[in-house]
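# Coordinate inspection notes
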Amino acid sequence: MVSEHVGFLTTRVKVGVLADGDRCILVDSGLDSGTAKKILSFLGREGYSVVGVINTHSHADHCGGSSYIKGRTGAKVYASALEAAIIENPSLEPIYFAGGANPPQELRNKFMMGEACKVDQIIEEGKLEAYPLQVDVISLPGHSPQQIGVLAENTFFCADSVFPSEVLEKHRIIFLHNVHDALESLKRLTTVDCEYLLPSHGELLKRDELEKLVNLNRESIEMVEKTILENLDYPLEVCELVARVLNHYNLSIESYSDYHLFSSTIKAYLSYLQEKDLIEFKVKNNRSLVSKKPFLLEQ
Ligand SMILES: [Zn+2]
């Protein structure tokens, strides 16, 4: 336990446990029913019953266990509106990675698609009465469209808004949906009044360790932005740009779904660079091209 009522369990992601007497609420639920089963049996042995699950976002490693937990305990499930749409309809995730098309089998794995779970209450930034507790919900978009963090007592469960240095080093290009929002959420983290922070893929941090990590995450984002721009002096097809950026980072991707995670992230950077008026998109000779401004066709 981090404090009297707040603790966490380590699965593939950290799962928050907010307790009041013998009842508890979880922050996220793990990847799947197997993980959820282990969570419930551990908490059962410790004498807790689960009455709520607050989902930070709709990625399967965070919310895939919610359906099992709800089915076994009747726990009330919370999520923000857009994330709830995907938690309730998980096939939306492979659909958007397939660009809206009926997705191929390779995108329909359990890491792309958690088990569907009905969300009982849509949540937004602010105080949340999540029986039997009150917590603060803090909006942290960027990694996903409407990711939230949960502040309970002195601990801030900050989901995938910040990653430890080992994860930055391993993945090199961190998955993002919206680069501008991700940078704003990093700034936001530093304003939250807490003693500890728990990133879902890292260890418990003391508040004074945060700034260094936020800077590392910001620098990692700025480096990807710079790499993309350096490759866009002349128009390129987006898939060619993806290959060049992955090669620059010495990444050798062999999984079809991993490729789409990276490709989607690089497209998020392109939208961000367009918002900054640095690049433009054109279709020429039936090719979808992107280039730094001005868009020079001869090379
Ligand atoms: Zn995530």
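Residues numbered from 1 in each chain as written. Predicted model: local features only at pLDDT ≥ 70, side-chain atom pairs only at ≥ 80, totals over all residues.

## Quick look at the domain arrangement of the protein
- By domain assignment, the protein separates into domain 1 (6-221) and domain 2 (223-292).
- Put simply, the middle of domain 1 and the middle of domain 2, counted by C-alpha atoms, are 28 Å apart.
- Contacts between the two partners involve 17 residues from domain 1, matched on the other side by 16 residues from domain 2.
- Elements supplying a minimum of two residues to the side of domain 1 that touches domain 2: helix H7 (179-189) and helix H8 (210-230).
- The element contributing the most residues to the side of domain 1 that touches domain 2 is H8, with three residues. (Domains from an automatic or database assignment. Contact = placed C-beta atoms within 7 Å. Helix = DSSP H or I, 4+ residues; strand = E, 2+ residues; numbered from the N terminus.)

## Some points on helix H4 (residues 81-88)
- Listed as buried for H4 are Glu 83, Ala 84, Ile 86 and Ile 87. Looking down the long axis of H4, one finds its buried residues gathered within 165 degrees of arc, a one-sided arrangement.
- Considering only its buried residues, H4 is in contact with helix H2 (60-63), helix H3 (66-73), strand S5 (76-79), helix H5 (92-97) and strand S6 (121-122). (Buried ≥ 20, exposed ≤ 12 C-beta atoms within 10 Å, placed from the backbone. Arc of directions from axis to C-beta.)

## Remarks on the packing of helix H9 (residues 238-248) against helix H10 (residues 256-275)
- As a packed pair, H9 and H10 sit with axes 10 Å apart at the nearest point and diverge in direction by 105 degrees. As judged from the angle between their axes, H9 and H10 are roughly perpendicular. On H10, the residues that touch Val 238, Leu 241, Val 242, Val 245 and Leu 246 of H9 are Phe 262, Ser 263, Ile 266 and Lys 267.
- Here the residues of the contact of H9 with H10 are counted per class, giving seven nonpolar, one polar and one charged. (Axes fitted to C-alpha atoms, helices over the stretch in contact; angles between N-to-C directions. Parallel < 35°, antiparallel > 145°, perpendicular 65-115°, else oblique. Nonpolar A, V, L, I, M, F, W, Y, C, P; charged D, E, K, R; others polar.)

## Digging into the nonpolar core
- Grouped together as the largest cluster of nonpolar side chains are 75 residues, with contacts concentrated most on Leu 18 and Cys 158.
- Shared between two domains, this core holds at least three residues of each, these being domain 1 (6-221) and domain 2 (223-292).
- The residues contacting Cys 158, other than those within four sequence positions of it, are Leu 140, Gly 149, Leu 189, Leu 197, Leu 198 and Pro 199. (Core = buried A, V, L, I, M, F, W, Y, C linked by C-beta atoms within 7 Å.)

## Brief notes about the sheet that holds strand S2 (residues 14-20)
- With mixed pairing, six strands are arranged side by side in an open sheet as S1-S2-S3-S4-S5-S6. The open sheet has two edge strands with one neighbour each: strand S1 (6-10) and S6.
- Pairing geometry for S5 and S6, over two bridges, is parallel. Pairing of Tyr 78 across the sheet is with Gln 121, part of S6.
- Of the strands in this sheet, strand S4 (49-54) and S5 touch H3, which is tilted by about 145 degrees from S4. (Pairing = 2+ DSSP bridges.)

## Comments concerning the packing of helix H1 (residues 33-45) against H3
- Contact geometry of H1 with H3 gives a least axis separation of 8 Å together with a crossing angle of 45 degrees. Classified by the angle between their axes, H1 and H3 sit oblique to one another. Regarding H1 and H3, the two cross each other, and that crossing is right-handed. Residue-level inspection shows Ser 33, Ala 36, Lys 37 and Leu 40 of H1 in contact with H3, the latter providing Tyr 68, Ile 69 and Arg 72.
- Residues that form the contact of H1 with H3 fall into these classes: four nonpolar, one polar and two charged. (Left-handed = near helix turned anticlockwise from the far one by under 90°.)

## Some remarks on the sheet that holds strand S10 (residues 155-159)
- Reading across the sheet, the six strands line up as S7-S8-S9-S10-S11-S12 and stay open at both edges, with mixed pairing between neighbours. Every interior strand has two partners, whereas the edge strands, strand S7 (126-130) and strand S12 (205-206), have only one.
- Sheet topology places S10 next to strand S11 (residues 196-199); four bridges connect them, and they run parallel. Note that in S11 the partner of Phe 157 across the bridge is Leu 198.

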